[in-house]
Amino acid sequence: MSSTSLTLTCIARRADTHDVTSWQFASLTGDLPAVLAGQCITLHTEIDGKLQCRAYTLSSSPQDACWQVTIKDVGLVSHHLHQSLQVGGEIRADGPFGDFHLTALPCERPLLLSAGSGITPMWAMLRDELARRPEADIRFIHSARSPEDVIFAGELAALAEAHPGVRHALVLEQAPAAHPWVGRLSPDMLKELAPDLLSRHVYLCGPAPYMTAVCTMLTALGLPAGQLHQESFGLPEAPPVATDSNHFWLTLKKSGKKVKILPGQTLLAALEGAGETMMAACRAGVCGACRCSTTGIIERQSVMTLSAQDLENGVALACSCTAKGDVSLDY
Ligand SMILES: Cc1cc2nc3c(=O)[nH]c(=O)nc-3n(C[C@H](O)[C@H](O)[C@H](O)COP(=O)(O)OP(=O)(O)OC[C@H]3O[C@@H](n4cnc5c(N)ncnc54)[C@H](O)[C@@H]3O)c2cc1C
Ligand code: FES
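Residues numbered from 1 in each chain as written. Chains lettered and ligands numbered in written order. Predicted model: local features only at pLDDT ≥ 70, side-chain atom pairs only at ≥ 80, totals over all residues.

**Observations regarding the environment of G38**
Alright, step 1. Take G38: it is sitting in the loop between strand 2 (20-27) and strand 3 (40-47).
Alright, step 2. With 29 C-beta atoms packed within 10 Å, G38 lands in the buried category.
Alright, step 3. Along the chain, G38 and E231 lie 193 residues apart, while their C-alpha atoms are 9.6 Å from each other.
Alright, step 4. Leaving out residues up to four positions away in the same chain, G38 has contacts with T57, G98, F100, H101, L102, P121, A124 and M125. (Helix = DSSP H or I, 4+ residues; strand = E, 2+ residues; numbered from the N terminus. Buried ≥ 20, exposed ≤ 12 C-beta atoms within 10 Å, placed from the backbone. Contact = placed C-beta atoms within 7 Å.)

Right under this line is the structure:
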């Protein structure tokens, strides 16, 4: 895993909406590592004496002098950061990580689709792309609950105004009467807002239920799988409930302890369910923090950060790996 660990100093903090805040950071020790627009970092913080790590996309673009993260207050770590991380504060970060960026992916005429805080990689990519190709033909459809929930609303409107190639639309569940796109994103809206959808590459990011619904829509509309690139912020859907007798065994090499694992359950979920502690940050197969060594038949849902040699040697990401038989595990 080629990532950097660094201490960041918070140099600015701004409320974007009633429950979303952006923090800007400089590196305590000097320069910030190079980053591709759309990549994320993991932030490390201690809550009640326990280390907690989460992944956050950099909403800044690579041209910016500082890093920025934009975080919705939804749970344990995000709430703690909202309460405690102030200007002048320091925080440990690892990264940047991730393959969700336009630099390596096809980007001639992108269609960006996001919901809620899933706007963060889109915002970074949009600004980065326009810095390099000011005339770029980009469609951007963002979904939010209400006008008050739209992150970067003013900046987005100003950017679209300054770049005629950018066409953006806000799909709002609750909106003033004059708003044209009300409800949840639907196939009809997609066809109207991006009539040339099938000739574009689509970049999709948001909470898991939004991702599932939009993926189904895009497939039904005929978008080839190779033209869809996505990153989910939520945990994967819970696996189908299996009967307790229908399980395999995970054997922990160091202690010899045996832990039950159900079909479809990740190695990480099985370990945590049995009270074991394992380092994990993004829980989405992006950062490599939960890297472990396995023997047995496994199925990897993500191979990010793993080399060909790792795959040959049974190295896996516990947060994104399921068992297909009994497995021995070292970490
Ligand atoms: C690659 C990656 C990039 C991410 N980038 C961002 C980002 O730029 N901004 C951001 O706010 N979050 C981002 N997240 C989500 C973030 O890592 C945390 O999962 C989130 O802050 C919730 O953690 P918590 O400890 O506060 O909540 P927990 O107590 O761990 O969980 C609370 C619940 O919130 C749900 N949840 C998680 N994220 C969201 C969300 N964004 N909106 C609504 N519900 C959510 C979870 O499914 C869970 O049920 C990203 C996640 C990944 C994997
Ligand atoms: S916790 Fe990040 S890859 Fe598993």
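**Comments concerning the pairing of strand 16 (residues 321-330)**
Alright, step 1. Across three bridges, the pairing between strand 12 (residues 248-252) and strand 16 is parallel. Bridge assignment links L250 to a residue of strand 16, and that residue is V327.
Alright, step 2. Strand direction decides the pairing type here: strand 14 (residues 291-300) and strand 16, joined by seven bridges, are antiparallel. Looking at strand 16, one finds that S293 is bridged to D330. (Pairing = 2+ DSSP bridges.)

**Some points on the site of ligand 1**
Alright, step 1. The local shell around ligand 1 holds 25 residues, among which G75, V77, S78, T120 and A284 are the closest.
Alright, step 2. Contributing elements (two or more residues each) for the shell around ligand 1: strand 4 (50-57), strand 5 (67-72) and helix 1 (76-84). (Near = placed C-beta within 6 Å.)

**Thoughts on the domain arrangement of the protein**
Alright, step 1. Split by domain assignment, the protein resolves into domain 1 (4-97), domain 2 (110-232) and domain 3 (248-330).
Alright, step 2. Measuring from the centre of the C-alpha atoms in domain 1 to the corresponding centre in domain 3 gives 27 Å.
Alright, step 3. On the domain 3 side, the residues contacting the seven residues of domain 1 number six residues.
Alright, step 4. Only strand 3, strand 4 and strand 6 (90-97) provide two or more residues apiece to the side of domain 1 that touches domain 3.
Alright, step 5. Top element by residues in the side of domain 1 that touches domain 3 is strand 4. It accounts for three residues.
Alright, step 6. Partitioning the side of domain 1 that touches domain 3 into residue classes produces four nonpolar, one polar and two charged. (Domains from an automatic or database assignment. Nonpolar A, V, L, I, M, F, W, Y, C, P; charged D, E, K, R; others polar.)

**Here's the deal with the confidence of the model for the protein**
Alright, step 1. Mean pLDDT for the protein: 92, with 95% of residues reaching 70 or above.
Alright, step 2. Within the protein, no element has a lower average pLDDT than strand 11 (residues 228-232), which sits at 89, and none a higher one than strand 5, at 98. (pLDDT = per-residue confidence, 0-100.)

**Some points on the sheet that holds strand 5**
Alright, step 1. One open sheet holds the six strands; their spatial order is 4-3-6-1-2-5, and the pairing between them is antiparallel. Among the strands making up the open sheet, the edge pair consists of strand 4 and strand 5. Pairs of neighbouring strands in the sheet enclose a mean axial angle of 40°, with direction left out of account.
Alright, step 2. Where helix 1 meets the sheet, its contacts fall on strand 2, strand 3, strand 4 and strand 5, and the angle it forms with strand 3 comes to roughly 80°. (Axes fitted to C-alpha atoms, helices over the stretch in contact; angles between N-to-C directions.)

**A few points about the environment of A281**
Alright, step 1. Looking at the secondary structure, you find A281 in the loop between helix 6 (267-273) and strand 14.
Alright, step 2. What makes A281 buried here is the crowd of 23 C-beta atoms within 10 Å.
Alright, step 3. Residues A281 and C319, spaced 38 residues apart in sequence, show a C-alpha to C-alpha distance of 9.3 Å.
Alright, step 4. Not counting chain neighbours up to four residues away, the residues in contact with A281 comprise T42, C53, R54, A55, C287 and A289.

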